[in-house]
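Letter by letter, the chains look like this.
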Amino acid sequence: MTMKITRLFTLLFLLPLLFVGCIDEDEYADSPQGNFEALWKIIDEHYCFFDYKAQQYGLDWDEIHTRYARQIDASMTEGQLFEVLGNMLSELRDGHVNMYSSWDVARNWSWHEDFPANFSDNLLDEYLGTDYRIAAGLRYRILDDNIGYIRCASFANEFGAGNLDDILLYLAPCRALIIDVRDNAGGQITAAEQLAARFTNEERLVGYMQHKTGRGHNDFSKMEEQRLKPSKGIRWQKRVAVLTNRSVYSAANEFVKYMKQCPNVITVGDQTGGGAGLPFTSELPCGWSVRFSACPMYDINRQPTEFGIQPDHRAELSQADMLRGYDTIIETARKQI
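Residues numbered from 1 in each chain as written. Predicted model: local features only at pLDDT ≥ 70, side-chain atom pairs only at ≥ 80, totals over all residues. Heavy atoms only, no water.

Caption draft 1: Representation of the sheet that holds strand S7 (residues 176–180). Taken together, the seven strands give an open sheet; going across it, the order is S4-S5-S6-S7-S10-S11-S14, and neighbouring strands pair in mixed fashion. Looking at which strands have only one partner, the edges of the open sheet turn out to be strand S4 (133–135) and strand S14 (313–314). When strand S11 (residues 265–269) meets S14, the two strands line up parallel, connected through two bridges. Within S14, the residue paired with Val268 across the bridge is His313. Together, S4, strand S5 (138–142), strand S6 (147–151) and S7 form the strand contacts of helix H8 (residues 161–171), whose direction differs from that of S5 by roughly 15°. (Pairing = 2+ DSSP bridges. Helix = DSSP H or I, 4+ residues; strand = E, 2+ residues; numbered from the N terminus. Contact = heavy atoms within 4.5 Å. Axes fitted to C-alpha atoms, helices over the stretch in contact; angles between N-to-C directions.)

Caption draft 2: Spotlight on helix H5 (residues 78–90). Over its 13 residues, H5 extends 18 Å from the first C-alpha to the last, a length consistent with the 18 Å expected when each residue adds 1.5 Å. All of the buried residues in H5 are Leu81, Phe82, Val84, Leu85, Gly86, Met88 and Leu89. Each element contacted by the buried residues of H5 is listed here: helix H2 (32–46), helix H4 (61–69), strand S2 (98–100) and strand S3 (105–106). (Expected span 1.5 Å × (residues − 1). Buried < 20%, exposed > 50% of the residue type's maximum accessible area, 1.4 Å probe, protein only.)

Caption draft 3: View of the packing of helix H9 (residues 189–196) against helix H10 (residues 251–259). Two numbers describe how H9 lies on H10: the axes approach to 9 Å, and their chain directions differ by 25°. Judged on the interaxial angle alone, H10 and H9 are roughly parallel. When you trace H9 past H10, the crossing you get is right-handed. Counted together, Ile189, Ala192, Glu193, Leu195 and Ala196 of H9 and Ala251, Glu254, Phe255, Tyr258 and Met259 of H10 form the full contact between these two elements. (Parallel < 35°, antiparallel > 145°, perpendicular 65-115°, else oblique. Left-handed = near helix turned anticlockwise from the far one by under 90°.)

This is the structure in structure tokens:
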């Protein structure tokens, strides 16, 4: 059975979470050992990418338990426990996996920190100038070669239909359009859908998703279709280039996935950062919250996009280009479209 994306996904990828669960306090005591066992079990029973990450880099969650259990001691401080548990979660290499205490957030940002930035705010200012327009958090203008440019830095909030109509109406005389989502770390998946819906005239299959149905690593529902419906407002009919880098994550990663199925669209830049699991939360006996990927999503070929999406045209921002005020990725997109 197909599912409408708007109705299905009302959560934020990086902001609010879908649900909050708790560990039975009778089962695990509020002690270093109890919190360690509780965290390991939460992930073991609910995390959704074990098999995929075992294939990609040899993740063995049972081995992780054995190795980190040796670091747990009844006399360790809260800070020491937080560090060990955070290091254990980092073994998942997942930007949607976090642990929250009152003083810190355990996180793994290797999905973008270990790669070139391929983006410069200062360089972007030279392209935008000071007389660009702003609507619904989007910055936009017409470049000097009559190509429209939209800077979408976040999907934290949904876009007003009227805002998108006004933006596309203003850019209508342009011969092509660039949508720059570099460094967009996500937000509301409904916002990503709203923008992508302006670039198709018919309903399109854009991917698949699954739900966890049991505690086993492979207990999932059948793959269910993700379908993108065209907007009822103004829709763009000319060529489009979507600019990407490693800091495109979560809902922004989904946006790129949707746009790759729309006509006249190419992607330019670096591979996206990924983040293809809908995050859920739980709680440890000590009160720390834990977030983790629980529902995997796939492209139209049923392949995971957890570790990112390759661009159609690869381009990198070199230091030499930056020094001369030249954004290689923007300029590559202008040539391609």
